[in-house]
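Listed below are the residues making up each chain.
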Amino acid sequence: MDSENEQQQQPQEQQENSNANEQNLSPEEQAKIKAEKKKAKKAAKKAAEAAEKAALEQANKQAENQEVIVETDEEKAKKEAEEKAQKEAEEKAKKEAEEKAQKEAEEKAQKEAEEKAKKEAEEKAQKEAEEKAKKEAEEKAQKEAEEKAKKEAEEKAQKEAEEKAKTEAEEKAQKEAEEKAKKEAEEKAQKEAEEKAKKEAEEKAQKEAEEKAKKEAEEKAKKEAEEKAKKEAEEKAKKEAEEKAQKEAEEKAKKEAEEKAQKEAEEKAKKEAEEKAKKEAETKLALTKTTVEAKPEPKLVSAPAPKSELFFSPVNPSFPTKKVKMVVLGNAFIGKTALCNRIFKNRYTEQTKNTVGADAFQLEFSSNNMNVSLTMFDTAGMEQYQAMSTQHVRQADYCLVCYAVDDERSIASVKTWVEFVQKNNATCKMVLVGNKADVEGKDESALEELKMKFTKVVKCSAKTGENVAEVLKIDWATVTEHVKELVQQPKGGCC
Ligand SMILES: Nc1nc2c(ncn2[C@@H]2O[C@H](COP(=O)(O)OP(=O)(O)OP(=O)(O)O)[C@@H](O)[C@H]2O)c(=O)[nH]1
Ligand SMILES: [Mg+2]
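Everything numeric here is computed off the predicted structure, so don't read it as measured data.

Caption draft 1: View of the overall build of the protein chain. The helix and strand inventory of the protein chain stands at eight helices and six strands. When the elements of the protein chain are put in sequence order from the N terminus, they spell out α-α-α-α-β-α-β-β-α-β-α-β-β-α. Per-residue burial for the protein chain yields a buried fraction of 19% across its 495 residues.

Caption draft 2: A look at unusual backbone geometry. A positive phi angle is found at Phe-333, which is not glycine, with a value near 70°. Of note in the backbone geometry, Asn-467 takes a positive phi value of approximately 65° without being a glycine. Examined against the element boundaries, Asn-467 turns out to sit in the loop between strand 6 (456-459) and helix 8 (468-471). Take Asn-467: there are 15 C-beta atoms within 10 Å of it, and that puts it in the partly exposed class.

Caption draft 3: Spotlight on the nonpolar core. Counting 46 residues, the largest nonpolar core has Cys-399, Leu-400 and Val-401 as the members making the most contacts within it. Secondary-structure elements contributing two or more residues to this core are strand 1 (321-330), helix 5 (336-345), strand 2 (358-366), strand 3 (371-379), strand 4 (398-404), helix 7 (408-424), strand 5 (429-435) and helix 8. Residue contributions to this core peak at seven residues, all from strand 4. In this view, Val-401 contacts Leu-329, Gly-330, Val-414, Trp-417, Val-418, Val-421, Met-430, Leu-432 and Val-433; residues no more than four positions away in its chain are not counted. Core analysis: the next-biggest nonpolar cluster, separate from the first, contains eight residues, Ile-33, Ala-40, Ala-44 and Ala-109 among them.

Caption draft 4: Region of the structure containing the site of ligand 1. Around ligand 1, 21 residues are found, and the nearest of them are Gly-335, Thr-352, Thr-355, Gly-381 and Lys-463. The biggest single contributor to the shell around ligand 1 is helix 5, with three residues. Of the residues contributing to the shell around ligand 1, the split by class is eight nonpolar, eight polar and five charged.

Caption draft 5: Just helix 5, in detail. Most of helix 5 sits inside the fold, with eight of its ten residues counted as buried. What helix 5 keeps buried is the set Lys-336, Thr-337, Ala-338, Leu-339, Cys-340, Asn-341, Arg-342 and Ile-343. Buried residues along helix 5 sit against strand 1, strand 2, strand 3, strand 4, strand 5 and helix 8. Once helix 5 ends, the next one or two residues include Asn-346, with phi positive near 50°.

Caption draft 6: Local environment of the sheet that holds strand 3. The strand order across the open sheet formed by six strands is 2-3-1-4-5-6, and the pairing between neighbours is mixed. Looking at which strands have only one partner, the edges of the open sheet turn out to be strand 2 and strand 6. Looking at each pair of strands side by side, their axes are set apart by 20° on average, direction ignored. The pairing of strand 1 with strand 4 spans five bridges and is classified as parallel. Bridge pairing links Leu-329 to Val-401 in strand 4.

What counts and what doesn't
- Position numbers for residues start from 1 in each chain and track the written sequence from start to end.
- Think of it this way: whatever chain is written first is A, whatever ligand is written first is 1, and the rest follow in order.
- Totals for whole chains, interfaces and linings use every residue, but because this is a predicted model, local features are given only for residues with pLDDT of at least 70 and side-chain atom pairs only at 80 or more, for both listing and counting.
- Secondary structure counts use DSSP, requiring at least four H or I residues in a row for a helix and at least two E residues in a row for a strand, with both numbered from the N terminus.
- Using C-beta atoms placed from the backbone, we call a residue buried if 20 or more other C-beta atoms fall within 10 Å of its own, exposed if 12 or fewer do, and partly exposed for counts in between.
- By convention in this section, buried Ala, Val, Leu, Ile, Met, Phe, Trp, Tyr and Cys residues joined through C-beta atoms within 7 Å make up a nonpolar core.
- A pair of residues counts as a contact when their C-beta atoms, built from backbone coordinates, are separated by no more than 7 Å.
- Contact assignment follows one rule, namely that a residue is near a molecule or strand if its backbone-placed C-beta atom lies within 6 Å of it.
- Three classes are used, and their members are as follows: Ala, Val, Leu, Ile, Met, Phe, Trp, Tyr, Cys and Pro are nonpolar, Asp, Glu, Lys and Arg are charged, and the others, Gly among them, are polar.
- A pair of strands is treated as paired once DSSP finds two or more bridges between them.
- Lines fitted to C-alpha atoms define the axes here, with helix axes fitted over just the stretch in contact, and angles between the N-to-C directions of these axes take values from 0 to 180 degrees.

Set out below in structure tokens:
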């Protein structure tokens, strides 16, 4: 009985649960469940009908089997009771089968509906959860994006603010540095200006002091020089008077010698000219011969006096005659006298004496349709005799400025001799003669700048005679005949 109650109670609870569940469902879902239930009920009814049919068939079968049996009353009552019991049992079984089928159908339908509902609910829940999750994810992403954007914006703003601050700081620093530099430069400039002003003031003071001292020294020196000059002038006047007397005596003697030499030369030339016409054919041969003979002998000490034909053609009476005065200048011991001896006498002497005063050489020859009457003064190189050289230079048409190629001092003195000539006779022409070319020479670079002052530059050897003839190969026509008057000029040697 308890189990029966339980069985009756269970569907009721299930019904209640079902109703309760249905109440939670949507109207569509409830309609769906209802339709399912209807379907289950139909199926249960069908099952019950089938069971009833089967029980009926079985009872009919049993009745057929028992028809042949002769029944008694007892047996008949029993049989009816049994049939009744069986019928009741069958009805009960049928009812139970129907109930069970219905119950099972309902349970099945309920279960399926629940499962379906559950499934749908789960799907819905899942869908919702997914949507929610998706939504949340989107919201989150959006939020993150916003936060990121916000953060980036903040960072950007911060960065810009920092950069701005940095730029401002840099500008400020630069401005400060510039102002500082400007200030320092101004201070420096001011300082330098002050120092410069100070220095200039000091220099000015020093300069003034120096100028003052210099002026005082100059005044003192001037005073002393004046006194000295006065003294020297007195001494000089005295000396000059003495020298003048000596010079006049020398010139007189020299003039007499020159006149005598000139007279002799003229007579000699005249005689030679007369002989020349007669010996014309022989003269050429003789000249050639003489030239050959004239080749200097290194050891020739006292060669016979040569004729002027050694270097020049003889005078021609039909030619006009030009008188030329030449002066040989240069340091002592460079071979001036030796050179004159070679030119005028074709003679060379190893041992010579220093020239004292001056020696005169006379030579007449013809050149380019004119006769040249050449007087050459061989001056003394020694310093104490240079006063006389001054006089000769003043009257000269030509000067041979000589040096010895192996004598450095004589090379260095060429400049002084040139200045000496230019000072005393500005129009005088000059030939530069480097003697002793037979020996090894010294550096002559100092002469380079002077060479332009000479009409001719010759290197020769009085000793060997080499190139000596070149010295007097001059365009005599261009030489202005000397007409200068002897003008008394203040004395003073150059060297
Ligand atoms: N090797 C060489 N020696 C020479 C030459 N000419 C002159 N001498 C020598 O140089 C020395 C001086 O010669 P001088 O002719 O007396 O010299 P200077 O220039 O007339 O001297 P001062 O009369 O004192 O001015 C002598 O010993 C000569 O032998 C030359 O061409 N070659
Ligand atoms: Mg001499």
